[in-house]
Amino acid sequence: MTRKISKAVLPVAGLGTRFLPATKSIPKEIMTLVDRPLIQYAIDEARAAGIKEFIFVTSRGKSALEDYFDNAPELEAALAEKGKTEIQEIMKATYMESGQIAYVRQHKALGLGHAVWCARRMIGDEPFAVILPDDVIAAEKPCLQQMVEAHEECGGGSMVAAMEVPMDKTSSYGILDVEQTDSDVLPIRRMVEKPKENPPSNLAVIGRYILTPDVLETLHNQDKGAGGEIQLTDAIAAEIDHGRPVNGFRFRGERFDCGSKAGFLQATVAFGLARDELRDEFSEYLREIVAVPEPAQ
């Protein structure tokens, strides 16, 4: 019987250098997409998938991220006094129950694999999810929920979310060599981290994972890989070498790379247009600024 996924690791130790100077004083993960910080989208997705415990891998300068999930009694009182019950309901999603959230420090920037390894003692011997908040996914059914359901159906092992990318972008991703099936679940033959040439496909790993505790053992003994970092992709690839099942999952939804400025802006437009109270005014503005003059007759 497949064990239920109840824990998620959220690596949030990065410096956010692509968003300086904003990230000089605030963590990138609480930069707002419309009116919610990136981290809230990740938490909402995890909760929809049945996650009950959240492990944040942090670094210095992330105290504002920790404060975000704390109770705010003064704010609650002010909202209640003004009768703003709708906002009070929205605020409930930002609170965590005592013991539901934990923080682990990554003292050295040694890569995603090292960040996940830092959470090993809190994960223990059970399968767990990894969510990268930079990857925001718009989907009718949240991406991690899709994965958890597929993981239960295929009987366990590790699973990575996958999407097609342009061939000239494959050197920026972990790339999969998979067995083609009629299903969204694709058995993986091998994985290559950021191939400089001859990628096995254009099917890329993005920031959603379901992993077995065996991956943590591999990370414990793993050497540095691409970029001089301990790569999570390399540890998952070792699972395949050991004969353990690893599947790619072709999720249904649209992924936005909010770790880049262009991706963040694209997500802002998409999520803004998805909001009923913003759509009409925002779309009218967009039509005005992208209007192309009619050619002269």
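Residues numbered from 1 in each chain as written. Predicted model: local features only at pLDDT ≥ 70, side-chain atom pairs only at ≥ 80, totals over all residues. Heavy atoms only, no water.

Novice: Outline the pattern of salt bridges, supporting the account with residue identities and numerical values.
Specialist: Enumeration over the complete set of coordinates arrives at 18 salt bridges. As a salt-bridge pair, E89 and K92 come within 2.9 Å of each other at their nearest N and O atoms. Taken together, the residues span about one helical turn, with E89 and K92 both in helix α4 (residues 85–92) at a distance of three residues. Here the salt bridges share partners, and the residues they tie into one network are D35, R275 and E277. (Salt bridge = Lys/Arg side-chain N within 4 Å of Asp/Glu carboxyl O. Helix = DSSP H or I, 4+ residues; strand = E, 2+ residues; numbered from the N terminus.)

Novice: Mind laying out a nonpolar patch on the surface, listing which residues take part and the relevant values?
Specialist: There is a patch of nonpolar side chains on the surface, built from Y285, I289 and V290 and spanning about 310 Å² of accessible area. Relative to the helices and strands, I289 is located in helix α11 (residues 276–290). (Patch = residues over 30% accessible without salt bridge, like charges linked within 9 Å, V, L, I, M, F, W, Y side chains within 5 Å. Areas by Shrake-Rupley, 256 points an atom, 1.4 Å probe, with all protein chains shown as cover.)

Novice: Residue-level account of the side chain of K28, with values.
Specialist: Within the secondary structure, K28 is located in the loop between β1 (7–11) and β2 (32–33). Contact partners of K28, with chain neighbours within four places excluded, come to G16, F19, T23, L38, K62 and D134. (Contact = heavy atoms within 4.5 Å.)

Novice: Report on the environment of S59, specifying residues and quantitative values.
Specialist: Along the chain, S59 turns up in the loop between β4 (53–58) and α2 (63–68). Residue S59 is classed as buried on the basis of its relative accessible area of 10%. Apart from the residues within four sequence positions on either side, S59 is in contact with A13, R105 and Q106. Within the structure, the side chain of S59 is placed 2.8 Å from the backbone oxygen of A13, a separation counted as a polar contact. (Buried < 20%, exposed > 50% of the residue type's maximum accessible area, 1.4 Å probe, protein only. Polar contact = N/O pair within 3.5 Å; in protein donor to acceptor, adjacent residues only side chain to side chain.)

Novice: Describe the packing of aromatic side chains, and please don't skip the residues or the numbers.
Specialist: Using the criterion set out here, one finds six aromatic pairs in the structure. Measuring from centroid to centroid gives 5.7 Å for F19 and F264, while their planes differ by 65°, and the two rings are edge-to-face. One end of the pair, F19, is in the loop between β1 and β2; the other, F264, is in helix α10 (residues 261–273), with 245 residues separating them in the sequence. Judged by its relative accessible area of 10%, F264 is buried. Ring centres of Y68 and F69 lie 5.0 Å apart, and the angle between their planes is 80°; this geometry places the pair in the edge-to-face category. With a relative accessible area of 22%, Y68 lands in the partly exposed category. Sitting over the ring of Y41, R36 keeps its end group 4.0 Å from the ring centre. Above the plane of the ring of W117 lies R120, whose end atom (NZ or CZ) is 3.7 Å from the centre. (Phe/Tyr/Trp six-rings, centres within 6.5 Å; stacked < 30°, edge-to-face > 60°. Lys NZ or Arg CZ within 6 Å of the ring centre and 35° of its normal.)

Novice: Could you give an account of helix α9 (residues 232–241), with specific residues and numbers?
Specialist: For α9, a buried count of eight out of 10 residues is recorded, marking the element as mostly surrounded by other parts of the structure. Turning to α9, its buried residues are L232, T233, A235, I236, A237, A238, E239 and I240. G243 occupies a position one or two residues after α9 and carries a positive phi of about 80°.

Novice: Break down unusual backbone geometry for me, citing the residues and quoting the values.
Specialist: P21 follows L20 through a cis peptide bond whose omega is 10°. Relative to the assigned elements, P21 resides in the loop between β1 and β2. At V34, a position not held by glycine, the phi torsion is positive, near 65°. Relative to the helices and strands, V34 resides in the loop between β2 and β3 (36–37).

Novice: Give me the pairing of strand β6 (residues 128–131): which residues, what numbers.
Specialist: Residues F128 and V130 of β6 are buried on one face, and the alternating residues A129 and I131, pointing to the opposite face, are buried as well. Direction of pairing for β1 relative to β6: parallel, over a ladder of two bridges. Bridge pairing in β6 places V9 opposite V130. Strand direction decides the pairing type here: β6 and strand β11 (residues 203–211), joined by four bridges, are antiparallel. (Pairing = 2+ DSSP bridges.)

Novice: Before we move on, could you go through the pairing of β4 and cite the residues and values that matter?
Specialist: Across a regular strand the side chains alternate sides, sitting on one face of the sheet and then on the other. β4 sits mainly inside the fold: five of its six residues count as buried. Here β4 pairs with strand β5 (residues 101–105) via five bridges, running parallel. Bridge pairing links I55 to A102 in β5.

Novice: Quick rundown of the packing of helix α3 (residues 73–81) against α4? Include the residues and the values.
Specialist: Axis separation between α3 and α4 bottoms out at 8 Å; the angle between their running directions is 155°. Taken as axis vectors, α3 and α4 run roughly antiparallel relative to one another. Here the hand of the crossing between α3 and α4 comes out left-handed. Together, L75, E76, L79 and A80 of α3 and I87, Q88 and M91 of α4 make up the contact between the two elements. Looking at the contact of α3 with α4, its residues break down into five nonpolar, one polar and one charged. (Axes fitted to C-alpha atoms, helices over the stretch in contact; angles between N-to-C directions. Parallel < 35°, antiparallel > 145°, perpendicular 65-115°, else oblique. Left-handed = near helix turned anticlockwise from the far one by under 90°. Nonpolar A, V, L, I, M, F, W, Y, C, P; charged D, E, K, R; others polar.)

Just distances and angles here, no functional claims.
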